[in-house]
Amino acid sequence: MTPEYWAKQEIGMAHGPQKYQELQPESYPMIDAIVRLAQPDWLLLDLGCNQGRHLKYLREKGLDVIGVDVKPFDDPAILCDTFEHFLPRQPKGMYELVFTMGMTIELVPYTFPICQELARVARKALVLCIQETGIPYPRDWTAEIEAEGMKRTQYEKLPDSNASLLVFER
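Below or above, wherever it landed, is the structure these notes cover. Worth saying up front: this structure is predicted, and the values here are computed from it rather than measured.

**Topic: the pattern of salt bridges**
Consideration 1: Here the structure, examined in full by the defined rule, presents five salt bridges.
Consideration 2: The salt bridge partner of arginine 59 is aspartate 75, with a shortest N-O separation of 3.0 Å. A residue pair is termed long-range when its members are at least 10 positions apart, and arginine 59 in helix α3 (residues 53–60) and aspartate 75 in the loop between β2 (64–69) and β3 (78–80) qualify at 16 residues.
Consideration 3: Its relative accessible area of 35% is what places arginine 59 among the partly exposed residues.
Consideration 4: With its nearest N and O atoms 2.9 Å apart, the salt bridge here joins aspartate 81 to arginine 89.

In structure tokens, the structure reads:
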């Protein structure tokens, strides 16, 4: 699935915005990890935020969060861009914590160093709720991110899901 595919998704389609309005069961372990780690003065980045369900929830908790998605939304805290274009333009350590959920970073081709870029822009922590099997570009997330100077501090296979929660810290 390409950025163009995601950008064309409308209400009623398989990956339309209606699918991403509510928090999913997999959302809660990720949010718990973010809330445990984040400080009120930290800037957080939600990659592949869609219409911002996690972003909005965390903002209600008093955290400063911006999002990036390939589809434009009316929320000024959600920037419309691809990871491949957005991340290299960000300064090193721009965000204290970077997080993502679902089939977002797993769909980035090997030609783009996603793990290196995530670790570069995350000053203190990286929280990934990702699919580890059945994806087009499987990676050894832990090895690639730890090679960039971060240490995995949490790994959890989420129940009733194909997803895992990985937390990395400096």
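**Examining the sheet that holds strand β1 (residues 43–47)**
Consideration 1: Taken in spatial order, the seven strands line up as β3-β2-β1-β4-β5-β7-β6 in an open sheet, and their pairing is mixed. The sheet is open, and its two edges are formed by β3 and β6 (151–157), each paired on a single side. Neighbour-to-neighbour, the strand axes of this sheet turn through a mean angle of 15°, independent of strand direction.
Consideration 2: Pairing of β2 with β3, which is carried by three bridges, proceeds in the parallel orientation. Following the sheet pairing, valine 68 is matched in β3 by leucine 79.
Consideration 3: With respect to the sheet, helix α2 (residues 27–37) is in contact with β1, β4 (95–101), β5 (122–131), β6 and β7 (163–169), its orientation differing from that of β4 by roughly 175°.
Consideration 4: Against the sheet, helix α5 (residues 114–121) makes contact with β1, β4 and β5, and its axis sits at roughly 140° relative to β5, the strand it touches most.

**Considering the packing of α2 against α3**
Consideration 1: Look at α2 against α3: their axes get within 11 Å of each other, and the N-to-C directions meet at 40°. Here α2 lies oblique to α3, going by the angle between them. In this structure, α2 meets α3 at a crossing whose hand is right-handed. Taken together, the residues of α3 that come into contact with α2 (itself represented by Ser27, Met30, Ile31, Ile34 and Val35) are His54, Tyr57 and Leu58.
Consideration 2: Residue composition of the contact of α2 with α3, grouped by class: six nonpolar, two polar and no charged.

**A short note on the environment of arginine 53**
Consideration 1: By the secondary structure assignment, arginine 53 is in helix α3.
Consideration 2: Relative accessible area serves as the criterion here: at 11%, arginine 53 is assigned to the buried category.
Consideration 3: Separated by 29 residues in the primary sequence, arginine 53 and glutamine 24 place their C-alpha atoms 9.7 Å from one another.

**Considerations on the side chain of aspartate 81**
Consideration 1: Looking at the element boundaries, aspartate 81 is found in the loop between β3 and α4 (83–86).
Consideration 2: On the basis of relative accessible area, aspartate 81 is assigned to the buried category, the value being 14%.
Consideration 3: Looking at aspartate 81, its side chain comes within polar contact range of the side chain of histidine 85, at 3.0 Å.

**Points about α2**
Consideration 1: Along α2, the residues that are buried comprise Ser27, Met30, Ile31, Ala33, Ile34 and Leu37. Axial view of α2: buried residues confined to an arc of 160°, hence all on one face.
Consideration 2: Buried residues in α2 make contact with β1, α3, β4, β5, β6 and β7.

**A few points about the state of the cysteines**
Cysteine pairs can be covalently joined through their sulfur atoms, and such a bond is termed a disulfide.
Consideration 1: For the structure on display, the rule yields zero disulfides.
Consideration 2: Take cysteine 80: it sits in no disulfide, and the sulfur closest to it among the cysteines is that of cysteine 49, at 9.8 Å.
Consideration 3: You can call cysteine 80 partly exposed: its relative accessible area is 46%.

Cut-offs used in this document
Sequence order sets the numbering: in each chain, residues are counted from 1 along the sequence as written. Local features in a predicted model are, by the rule used here, given only for residues with pLDDT of at least 70; side-chain atom pairs are given and counted only at 80 or more, and totals for whole chains, interfaces and linings are based on all residues. Only heavy atoms go into the side-chain values, all of them from the structure, while hydrogens and water stay out. Any Lys or Arg side-chain nitrogen found within 4 Å of a carboxyl oxygen on Asp or Glu counts as a salt bridge. A helix here means a DSSP run of H or I that spans at least four residues, while a strand means a run of E at least two residues long, and both kinds are numbered starting from the N terminus. Exposed residues in this analysis have more than 50% of their type's maximum accessible area, buried residues have under 20%, and partly exposed residues fall in between, with area computed by a 1.4 Å probe over protein chains only. Here, strands pair whenever DSSP counts at least two bridges between them. Each axis is a line fitted through C-alpha atoms, and for a helix only the stretch in contact is used; angles between axes span 0 to 180 degrees, taken between their N-to-C directions. Working rule for contacts: check all heavy atoms of both residues, and any pair within 4.5 Å makes them a contact. Comment on the angle field: the value is read as roughly parallel under 35 degrees, roughly antiparallel over 145, roughly perpendicular from 65 to 115, and oblique elsewhere. Crossing handedness is read from the near helix: turned anticlockwise from the far helix by less than a right angle, it gives a left-handed crossing, and turned clockwise, a right-handed one. Under the convention adopted here, Pro, Cys and the residues Ala, Val, Leu, Ile, Met, Phe, Trp and Tyr are nonpolar, Asp, Glu, Lys and Arg are charged, and Gly plus all remaining residues are polar. Here a polar contact is taken to be a pair of N or O atoms separated by no more than 3.5 Å, where protein atoms must pair a possible hydrogen donor with a possible acceptor and residues adjacent in sequence count only if both atoms sit in side chains. Taken from the helix axis, the directions to the C-beta atoms give the arc we talk about. Criterion for a disulfide: a pair of cysteine sulfur atoms at a distance within 2.5 Å.

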